[in-house]
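Below, each chain spelled out in residue letters.
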Amino acid sequence: MREVEKFSKNSNQNLQDRVLLHYTGILDDEIIPTVIDRLTNDDWSLIIQKAKAHGVAPLIYDRIFDECCVPDDIAQKFRLAYLYCSFSNTRQHHELSMMLTKFKTEGINVIVLKGLAVAGLFYENIAFRPMIDIDLLVKSEDVSRIDKMLSELGWQNCSQRLTGDIQYEKNLVFIDLNSMIHDLPKLNPWISASFVKLDELNIPTLGLDDLLLFLCVHLDKHIHTGFSELIRLCDIVKLLRKYKNEIDWDYIAKTAIENGAECSVYRVLSLFRDLPDTHIPSSIFSHLKNDGFCVSIFDTLQIPEILIYPTKHTDLSIGVKSKMLPTGRKLSAILHSICPKREYMVYRYTPKRPKLFYLYYPKRIALGIKIALRSLRQKRQTYGCQPSGIYSSTDDK
């Protein structure tokens, strides 16, 4: 009773956030079932909006109806989010199956980043894990052959010449080809690559330790834009809990340092160090680096108004409106989004004269406007209100 009384002093905003954390399984909050009846229809409306923005509406759909009474109109929105995610992911599964069969026949190796690979590893049902598109890691020498094969399968190349992004579209399913993991430039992901079985499909994926590193640096990128979807935290929590006895923490520390990602990995792992059953050794933090910018799980739940009532679809706008980032970090994130460092500009735009990389900054800004229109169409045809990554160094799909 004392905990309930203490909790009742908190705002409904806090209660809404704890509902999301509880029903995604990140936190086992024993207080939630005892106080959830105090939620109003307005509270539930905001919860479903936040759940969709965070990509967790399908994940909590099943569990939330077993434990509490949800207003009928909100229940319908949860159900539609789940059904749409199931439909969308089934289409992606079908297309990926056709691609992998052809790649195998031609002797081409690929790795599926996030998406269906993560869904197969950590989720009981692929409908629980929304995804925008299919991210493939390929070898640079195979890009031209893959382009030809995708064309034969009916995919349209919609790559952006100025950004260097290699993208394909087929019936509103999208593919992104990546020849390297930019945030882990010294990582050789092919050495420890493995497979995860999803239905009858063997999906090539990153090795367990490489996947944890990749998810950490990717989440940190989104933290720096001012908004990181809760589903990304769910991915890491599920990995830590399911494979806690298989993670090579020495490798994690060594590889993070080699790739200059010790601050990113420190910040993300700090989010989960006190969660039950994650078993993150305290020694890992002594090897990594704390740059002083720390956030909590509740910080990551703060959604800029632009996502609750979306008017624009840019990471730049999200960063400006974010309540998670301090002013200094906002300015840094904005500047970095518009004008990334030289290394990124050379990697992304591959100018003939690398010393003249700065000439691509105005072209980058102009192209951002063009991509915004395409991203708007894509996001409206896919699940949820998610940022489009126009100015992000690593556009997330």
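Residues numbered from 1 in each chain as written. Predicted model: local features only at pLDDT ≥ 70, side-chain atom pairs only at ≥ 80, totals over all residues. Heavy atoms only, no water.

1. Focus: the overall build of the protein
Link 1 in the chain: Helix and strand counts for the protein come out as 19 helices and seven strands.
Link 2 in the chain: Here the protein holds 397 residues, and 56% of them are scored as buried.
Link 3 in the chain: The long-range fraction of contacts in the protein, counting pairs at least 24 apart against all pairs at least 6 apart in sequence, stands at 71%.
Link 4 in the chain: Total accessible area computed for the protein in this model is approximately 18,300 Å², and 51% of it derives from carbon and sulfur atoms. (Helix = DSSP H or I, 4+ residues; strand = E, 2+ residues; numbered from the N terminus. Buried < 20%, exposed > 50% of the residue type's maximum accessible area, 1.4 Å probe, protein only. Contact = heavy atoms within 4.5 Å. Areas by Shrake-Rupley, 256 points an atom, 1.4 Å probe, with all protein chains shown as cover.)

2. Some words on helix α9 (residues 208-225)
The periodicity of an α-helix, 3.6 residues per turn, causes residues three or four positions apart to be oriented the same way.
Link 1 in the chain: Helix length check: α9 (18 residues) gives 26 Å between terminal C-alpha atoms against 26 Å at 1.5 Å per residue, within 8%.
Link 2 in the chain: With respect to burial, α9 is a largely interior element, 15 of its 18 residues being buried.
Link 3 in the chain: Gly226 occupies a position one or two residues after α9 and carries a positive phi of about 105 degrees. (Expected span 1.5 Å × (residues − 1).)

3. Examining helix α6 (residues 72-105)
Link 1 in the chain: For α6, built from 34 residues, the straight-helix expectation of 50 Å at 1.5 Å per residue is met to within 8% by its first-to-last C-alpha distance of 50 Å.
Link 2 in the chain: Of the residues one or two after α6, Gly107 is the one with positive phi, at around 75 degrees.

4. Brief notes about the packing of α9 against helix α12 (residues 262-272)
Two packed helices can be described by the angle between their axes and the distance between those axes.
Link 1 in the chain: Packing of α9 against α12 leaves a shortest axis separation of 8 Å and a crossing angle of 90 degrees. Of the possible angle classes, the one that applies to α9 and α12 is roughly perpendicular. Here α9 contributes Leu213, Cys216, Val217, Leu219, Asp220, Ile223 and His224 to the contact with α12, which in turn contributes Ser264, Val265, Arg267, Val268, Leu269, Leu271 and Phe272.
Link 2 in the chain: In terms of residue class, the contact of α9 with α12 is built from 10 nonpolar, two polar and two charged. (Axes fitted to C-alpha atoms, helices over the stretch in contact; angles between N-to-C directions. Parallel < 35°, antiparallel > 145°, perpendicular 65-115°, else oblique. Nonpolar A, V, L, I, M, F, W, Y, C, P; charged D, E, K, R; others polar.)

5. Focus on the packing of aromatic side chains
Link 1 in the chain: Tallied over the full model, the rule gives four aromatic pairs.
Link 2 in the chain: Considering the side-chain rings of Tyr82 and Phe128, the 6.2 Å spacing of their centres and the 50 degrees angle between planes classify their relative orientation as tilted. Taken together, the residues Tyr82 in helix α6 and Phe128 in the loop between α7 (115-122) and β2 (134-138) connect sequence positions 46 residues apart. For the pair shown, Tyr82 and Phe128 are each scored as buried.
Link 3 in the chain: Measuring from ring centre to ring centre gives 6.3 Å for Phe122 and Tyr243, while their planes differ by 65 degrees; the resulting arrangement is edge-to-face. Residue Phe122 is located in helix α7, and its partner Tyr243 is located in the loop between α10 (230-242) and α11 (249-258); the two are separated by 121 residues in the primary sequence.
Link 4 in the chain: Aromatic rings pair up to connect Tyr61, Tyr82 and Phe128 into one cluster.
Link 5 in the chain: Lying over the aromatic face of Trp190, Lys139 brings its terminal NZ or CZ to 5.1 Å of the ring centre. (Phe/Tyr/Trp six-rings, centres within 6.5 Å; stacked < 30°, edge-to-face > 60°. Lys NZ or Arg CZ within 6 Å of the ring centre and 35° of its normal.)

6. Observations concerning the pattern of salt bridges
Link 1 in the chain: In total, this model carries 13 salt bridges according to the counting rule given.
Link 2 in the chain: Salt-bridge contacts for Lys170 lead to Glu95; the nearest nitrogen and oxygen are separated by 3.2 Å. Separated by 75 residues along the polypeptide, Lys170 in strand β4 (residues 166-170) and Glu95 in helix α6 bring together distant segments of the chain. Exposure class is identical for Lys170 and Glu95. Each is buried.
Link 3 in the chain: Between Arg267 and Asp220 there is a salt bridge; the shortest N-O distance is 2.6 Å. Residue Arg267 is located in helix α12, and its partner Asp220 is located in helix α9; the two are separated by 47 residues in the primary sequence.
Link 4 in the chain: Taking relative accessible area as the criterion, Arg267 reaches 4% and is therefore assigned buried.
Link 5 in the chain: The network of salt bridges with shared partners includes Asp220, Arg267 and Asp291. (Salt bridge = Lys/Arg side-chain N within 4 Å of Asp/Glu carboxyl O.)

7. Regarding the environment of Ile280
Link 1 in the chain: Looking at the secondary structure, you find Ile280 in the loop between α12 and α13 (283-287).
Link 2 in the chain: Between the C-alpha atoms of Ile280 and Trp249, which are 31 residues apart in sequence, the distance is 8.6 Å.
Link 3 in the chain: In this structure Ile280 touches Leu240, Trp249, Leu269, Phe272, Arg273 and Phe285, once residues within four positions along its chain are discounted.

8. Here's the deal with the packing of helix α4 (residues 41-53) against α6
Link 1 in the chain: In the contact formed by α4 and α6, the axes pass within 10 Å of each other and the chain directions differ by 10 degrees. Relative to α6, α4 is oriented roughly parallel. For the pair formed by α4 and α6, the contact residues are Trp44, Ser45, Ile47, Ile48 and Ala51 on the first element and Ile74, Lys77 and Phe78 on the second.
Link 2 in the chain: A breakdown of the residues in the contact of α4 with α6 according to their chemical character gives six nonpolar, one polar and one charged.

9. Observations regarding the pairing of strand β6 (residues 194-198)
Link 1 in the chain: Pairing of β6 with strand β7 (residues 201-205), which is carried by five bridges, proceeds in the antiparallel orientation. Opposite Lys197, over in β7, you have Asn202 as the bridge partner.
Link 2 in the chain: With antiparallel pairing between neighbouring strands as the criterion, β6 and β7 make up a hairpin whose turn holds two residues, including Asp199 at a positive phi of roughly 60 degrees. (Pairing = 2+ DSSP bridges.)

10. As for unusual backbone geometry
Link 1 in the chain: With phi around 55 degrees, Lys114 is a residue other than glycine that occupies positive phi space.
Link 2 in the chain: Mapped onto the elements of the fold, Lys114 is located in the loop between β1 (110-113) and α7.

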